[in-house]
Amino acid sequence: WNNLKSNNLRVGQRLNLFQTSSNSNTTVAQTNNTEAGLREYTVKPGDTLWSIAQKFPGVSIDNIKKWNGISGTVLKPGMKLKVNNG
């Protein structure tokens, strides 16, 4: 999936991962479809930009900030964020 030539990884390297159906049910329950290619994610207590990005393959913190016009890192429970459908 990542076209790796060795087992060595670098800090910050982005990898594509396959998500099993048991995990995808959780993700679907937490999101609602919005415009094509994007979903709406409702921030929960304890969520961070990093933890949200980890739930969506190929999505980075910078992506979430750009799609939602966020300049800082502060999230509040109940906020609605646009994230890529993946």
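Look a little higher up for the structure.
Residues numbered from 1 in each chain as written. Predicted model: local features only at pLDDT ≥ 70, side-chain atom pairs only at ≥ 80, totals over all residues. Heavy atoms only, no water.

Student: Got a minute to help me understand the environment of G69 in this structure?
Tutor: The topology assignment puts G69 in the loop between α3 (61-68) and β3 (80-84). On the basis of relative accessibility, which here comes to 69%, the residue G69 falls in the exposed class. Taking the C-alpha atoms as reference points, G69 and L81, twelve residues apart in sequence, are found 9.8 Å from one another. (Helix = DSSP H or I, 4+ residues; strand = E, 2+ residues; numbered from the N terminus. Buried < 20%, exposed > 50% of the residue type's maximum accessible area, 1.4 Å probe, protein only.)

Student: So what exactly am I meant to see when it comes to the pairing of β3 here?
Tutor: Consecutive side chains of a regular strand alternate in pointing toward one face of the sheet and then the other. Side chains L81 and V83 of β3 all project onto a buried face; the interleaved residues K80, K82 and N84 project onto a face where none is buried. Where strand β2 (residues 38-42) meets β3, five bridges bridge the pair, whose relative direction is antiparallel. Its bridge partner being in β3, L38 is matched across the sheet by N84. (Pairing = 2+ DSSP bridges.)

Student: Would you mind going over the nonpolar core with me for this structure?
Tutor: In summary, soluble globular proteins display a tendency toward joint burial of nonpolar side chains. If you look at the biggest cluster of nonpolar residues, it comprises twelve residues: Y41, V43, L49, I52, A53, F56, V59, I64, I70, L75, L81 and V83. Every element with two or more residues in this core is listed here: α2 (49-54) and β3. (Core = buried A, V, L, I, M, F, W, Y, C linked by side-chain atoms within 4.5 Å.)

Student: Explain the environment of L81 to me, please; I cannot follow it from the model alone.
Tutor: Looking at where L81 falls in the secondary structure, it is placed in strand β3. Remark: the alpha-carbon pair of L81 and Y41, spanning 40 residues in sequence, is separated by 5.1 Å. Contact partners of L81, with chain neighbours within four places excluded, come to R39, E40, Y41, V43, I52, I64, N68, I70 and L75. (Contact = heavy atoms within 4.5 Å.)

Student: Quick question: what am I supposed to make of the side chain of K65 here?
Tutor: Mapped onto the elements of the fold, K65 is located in helix α3. No salt bridge is formed by the buried K65; its nearest oppositely charged neighbour, D62, is found at 5.0 Å. In terms of polar contacts, K65 uses its side chain to reach the backbone carbonyl oxygen of S71, at 3.4 Å. With residues near it in sequence (within four places) discarded, K65 still touches L49, I70, S71, G72 and T73. (Lys, Arg positive; Asp, Glu negative; His and termini not counted. Salt bridge = Lys/Arg side-chain N within 4 Å of Asp/Glu carboxyl O. Polar contact = N/O pair within 3.5 Å; in protein donor to acceptor, adjacent residues only side chain to side chain.)

Student: Just to check I follow, could you spell out the packing of aromatic side chains for this structure?
Tutor: The description of two aromatic rings rests on the distance between their centres and on the angle between their planes. Counted according to the given criterion, the structure contains one aromatic pair. Judged by centre distance (6.1 Å) and plane angle (85°), the rings of Y41 and F56 are edge-to-face. A residue pair is termed long-range when its members are at least 10 positions apart, and Y41 in strand β2 and F56 in the loop between α2 and α3 qualify at 15 residues. Here Y41 matches F56 in class, with each residue buried. Above the plane of the ring of Y41 lies K44, whose end atom (NZ or CZ) is 4.7 Å from the centre. (Phe/Tyr/Trp six-rings, centres within 6.5 Å; stacked < 30°, edge-to-face > 60°. Lys NZ or Arg CZ within 6 Å of the ring centre and 35° of its normal.)

Student: Would you mind showing me how to read the pattern of salt bridges here?
Tutor: Between side chains of opposite charge, pairing is possible as soon as their charged atoms come close. In total, this model carries one salt bridge according to the counting rule given. Salt-bridge contacts for K55 lead to D47; the nearest nitrogen and oxygen are separated by 3.8 Å. You can call K55 partly exposed: its relative accessible area is 23%. Looking at D47, the relative accessible area reads 15%, which means it is buried.

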